[in-house]
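Listed below are the residues making up each chain.
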Amino acid sequence: MDTTSSTGGAAFTKPPLIQRLPKDTGIFMVLIGIAALFEILGWIYADQTFIFNGQRLFIMILQMAIIGIMAIGVTQIIIMAGIDLSGGSILGFAGLVAASLAQSSDFARAVYPSLTDLPVIVPVLAGIAVGAALGFVNGGLIAATAIPPFIATLGMLVAARGLARWYTSGKQVSFFVEDFAVFGSGAWPIIIFLSVALLFHVLLSYTVYGRRTYAIGSNEDAARVAGIDVKKHKILVYTMAGGLYGLAAIVQTSRAMTAQSGTGLMLELDAISAVVIGGTSLFGGRGRIFGTIIGVMILGVLTSGFTFLGIDVFYINIVKGVIIVAAVVADTYRQKRSSIR
């Protein structure tokens, strides 16, 4: 077939087919390939279906919803050429604050007869507010002092974990009011995750907020010259990400019906992994929420697949590490090719 046409005497050549496919097609095909591999291995070694088991698929998505909510916040930070290592610690502290306010007063009424339960909206808003406040501190430190985001958020990782241990003296918090369990039950975690993903897809794709986020990640100096208040926007992005960590804490705590100072340990790395695997560039300026969703699903399929085949859990982290390094190498190569052009 002739791929050229003449318009006004000039020849037009259609781009290769691969360039005309949707942006996230490649990473989506990786997801399909991994799922198909586990499906084949399941039939060979376990004589069971993997991906076509509705209950297993639902549980897999449910388990990744919490990381997915966090990853939506991390996506915006990395698009802005930042990084956040404190997500899991912020989740742990926000979850403890929410849990302490969601405790049922039934066990305390023997001593305090007038004690009543707080409305469920109070612990929910408190958890989100605590996350947003710590995110604000992250953004403020980075914007005001110009220290690398890696250092600022590493400090918050340690500090927030210490706050969590201090808040309850290392004890776990349980016995919540019945209404609090709703956020972690049934399909609600998935609904919350997809709703958040849709909201931030719209914000990043169709609003001034999104344009400024991409502009800062692409070239911070140029964004500043264009009139963008870079410091203010960095604070806003980190604050919103912190609020999402707080929301993830609500879902996590509600689902587990308990909270402790060690909750959320290493979840920040899973969230970063999902974002990088989903195609968001660590150099900033490029990334999509839909790609992050696929990245989250890839992690979910890997974790569930290894469990399904009875493979030791520590192998999962080795595979994750290899995939992350491969994704970063591919991104670096892509950046070099773009700079040459």
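Note that the structure is predicted; figures quoted are calculated from it, not measured.

Reading guide: rules and limits
Residues numbered from 1 in each chain as written. Predicted model: local features only at pLDDT ≥ 70, side-chain atom pairs only at ≥ 80, totals over all residues. Heavy atoms only, no water. Helix = DSSP H or I, 4+ residues; strand = E, 2+ residues; numbered from the N terminus. Buried < 20%, exposed > 50% of the residue type's maximum accessible area, 1.4 Å probe, protein only. Contact = heavy atoms within 4.5 Å. UniProt positions renumbered as here; feature names shortened; annotations may be inferred. Axes fitted to C-alpha atoms, helices over the stretch in contact; angles between N-to-C directions. Parallel < 35°, antiparallel > 145°, perpendicular 65-115°, else oblique. Left-handed = near helix turned anticlockwise from the far one by under 90°. Core = buried A, V, L, I, M, F, W, Y, C linked by side-chain atoms within 4.5 Å.

Draft legend 1. Quick look at the overall build of the chain. A tally of regular secondary structure across the chain gives 13 helices and two strands. Of all 341 residues assigned to the chain, the portion counted as buried reaches 44%. Residue pairs in contact within the chain that sit at least 24 positions apart in sequence constitute 78% of those at least 6 positions apart.

Draft legend 2. Region of interest: helix α11 (residues 267-277). Extensive coverage of α11 is indicated by the burial of 10 of its 11 residues. Buried within α11 are the following residues: L267, E268, D270, A271, I272, S273, A274, V275, V276 and I277.

Draft legend 3. Layout of unusual backbone geometry. Even without glycine at this site, S169 takes up a positive phi of about 55°. Of note in the backbone geometry, F175 takes a positive phi value of approximately 60° without being a glycine. On the secondary structure map, F175 appears in the loop between α6 (149-168) and α7 (188-206).

Draft legend 4. Representation of the environment of A181 within the structure. Tracing the chain through its elements places A181 in the loop between α6 and α7. Along the backbone, A181 and T253 are 72 residues apart, and their C-alpha atoms lie at a distance of 8.5 Å. Those residues in contact with A181 that sit more than four places away from it in its chain are S254 and M257.

Draft legend 5. The UniProt feature "transmembrane region" (unreviewed entry) in the chain, seen in detail. Using the residue numbers shown here, the UniProt feature "transmembrane region" (unreviewed entry) corresponds to residues 26-45, 57-79, 114-134, 140-160, 180-204, 235-251, 289-308 and 314-333. With 100% helix and 0% strand, residues 235-251 has end C-alpha atoms that lie 25 Å from one another. End C-alpha atoms of residues 289-308 are separated by 28 Å, and the span's content is 100% helix alongside 0% strand.

Draft legend 6. Here's a closer look at the packing of α11 against helix α12 (residues 289-308). One way to put it is that α11 packs onto α12 with a least axis distance of 7 Å and a crossing angle of 120°. Considered as vectors, α11 and α12 are oriented oblique to each other. Crossing hand, α11 versus α12: right-handed. Of the residues in α12, those in contact with D270, S273, A274, V275 and I277 of α11 are T292, G295, V296, I298 and L299.

Draft legend 7. Inspection of the nonpolar core at higher detail. Among the nonpolar cores identified, the biggest contains 86 residues, and I69, I72, I298 and V301 are the most heavily contacted of them. With 13 residues, the top contributor of residues to this core is helix α3 (residues 54-79). Sequence-distant contacts of I72, that is, excluding residues within four places in its chain, are made with F193, V196, A197, F200, L244 and I289.

Draft legend 8. Main features of the environment of M257. By the secondary structure assignment, M257 is in the loop between α10 (230-256) and α11. On the basis of relative accessibility, which here comes to 31%, the residue M257 falls in the partly exposed class. Considering only alpha carbons, one finds M257 and S174, 83 residues apart in sequence, at a separation of 6.3 Å. Apart from residues no more than four positions distant in its own chain, M257 is found in contact with S174, F176 and A181.

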